[in-house]
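Structural overview for review
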Amino acid sequence: MERNYRLVLSCPDRVGIVSMVSNFISSHGGSITDANQHSDPMSGYFFMRVEIDASSLPFTLERLREAFAPIAGSFDMEWAITDSSVPKKVILMASRQSHCLADLLYRYHSKELFCEIPCVISNHEDLRSMVEWHGIPYFCVPAEKDNKQAHFSRVDELIREHDADTVVLARYMQILPQEVCDRYPHRIINIHHSFLPSFVGARPYHQAHDRGVKLIGATCHYVTPDLDAGPIIDQEVTRVSHRSLPEDMVRLGRDVEKLTLARGLRWHLEDRVLVHGNKTVVFD
């Protein structure tokens, strides 16, 4: 894989941002291999993602950050520069349903997702054999109904111990407490079906079938203390008809969930998602 440095930034929009960034890169002999930008007229903010051929620059990543910092300060930027050759550490979490976890493990195993998976955490034993087949440690942390704090404390310990950059809730059916959400802003990714808030609770696809819905889908988003209300990374839908049985809708819904979660995670790993307030700009 070609090694690039990825510069992502957001700041109040004004004249000269693109010129300043591109001139900075070219002045050091840097070659831009990909560039995207967006100016949001509603918020008055500007967003940019640039990939720079690492071999074209005469200095290290740390030196690049030091050199860019004065420019970032002058434009009041929120910014980051990452190295595409360094894989992010991603912890996967699941409960009993296997479809999202199995799909991500397959994409990881086939090198479709460039990351490290130091472990999988679950509150049940059901998925252990599948995870360990991939050579990945599996931690079962039961979530006792009357003492869930012990579960969340251990989960938090595991995330810290494995120095995770990102946590993915691959159909993990527990609600993370606020302190965990606040500790990892825009670093925890979740997936949920599109029926919320219309069909809450158990058997949502059966509820949707009873109402005769014609579209089903899924939403991939960052986790915040507000349940299923964090910044949206990706969404997908598929059409169903009066001929679709509840089991057909469950099958199609799982397919949509897998696709949406994998795509959202890939964009996150490639630093394509910029968060502003409760919205995202995604340079796909």
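These lines cover the structure that appears in this document, whether it is placed above or below. (Residues numbered from 1 in each chain as written. Predicted model: local features only at pLDDT ≥ 70, side-chain atom pairs only at ≥ 80, totals over all residues. Heavy atoms only, no water.)

Things to note about the pattern of salt bridges
- With the rule as written, the count across this model stands at 22 salt bridges.
- As a salt-bridge pair, glutamate 157 and arginine 154 come within 3.1 Å of each other at their nearest N and O atoms. Here glutamate 157 and its partner arginine 154 are both found in helix 5 (residues 148-161), three residues apart, which amounts to about one turn of the helix.
- Put simply, arginine 251 and aspartate 248 hold a salt bridge, and the shortest N to O gap is 3.6 Å. With arginine 251 and aspartate 248 both in helix 8 (residues 246-269), this residue pair falls three residues apart, about one helical turn. (Salt bridge = Lys/Arg side-chain N within 4 Å of Asp/Glu carboxyl O. Helix = DSSP H or I, 4+ residues; strand = E, 2+ residues; numbered from the N terminus.)

Points about the environment of asparagine 23
- Its location among the elements puts asparagine 23 in helix 1 (residues 17-27).
- Here asparagine 23 falls in the partly exposed class, since its relative accessible area comes to 44%.
- Each C-alpha atom of the pair asparagine 23 and proline 246 lies 57 Å from the other, and the pair is 223 residues apart in sequence. (Buried < 20%, exposed > 50% of the residue type's maximum accessible area, 1.4 Å probe, protein only.)

Regarding the nonpolar core
- Core analysis: the biggest nonpolar cluster contains 31 residues, and Leu92, Leu101, Leu104, Val120, Val168, Ile189 and Leu261 have the highest contact counts within it.
- Elements represented by at least two residues in this core include exactly strand 5 (88-94), helix 3 (99-109), strand 10 (188-193), strand 11 (215-222), helix 8 and strand 13 (273-276).
- Among the elements that take part in this core, helix 8 stands out by supplying six residues, more than any other.
- When near neighbours in sequence (up to four residues on either side) are disregarded, leucine 261 contacts Cys100, Leu104, Val168, Ala170, Ile189, Asn190, Ile191 and Cys220.
- If you look at the next biggest cluster of nonpolar residues, it comprises 24 residues, including Leu7, Met48, Ile52 and Ala54. (Core = buried A, V, L, I, M, F, W, Y, C linked by side-chain atoms within 4.5 Å. Contact = heavy atoms within 4.5 Å.)

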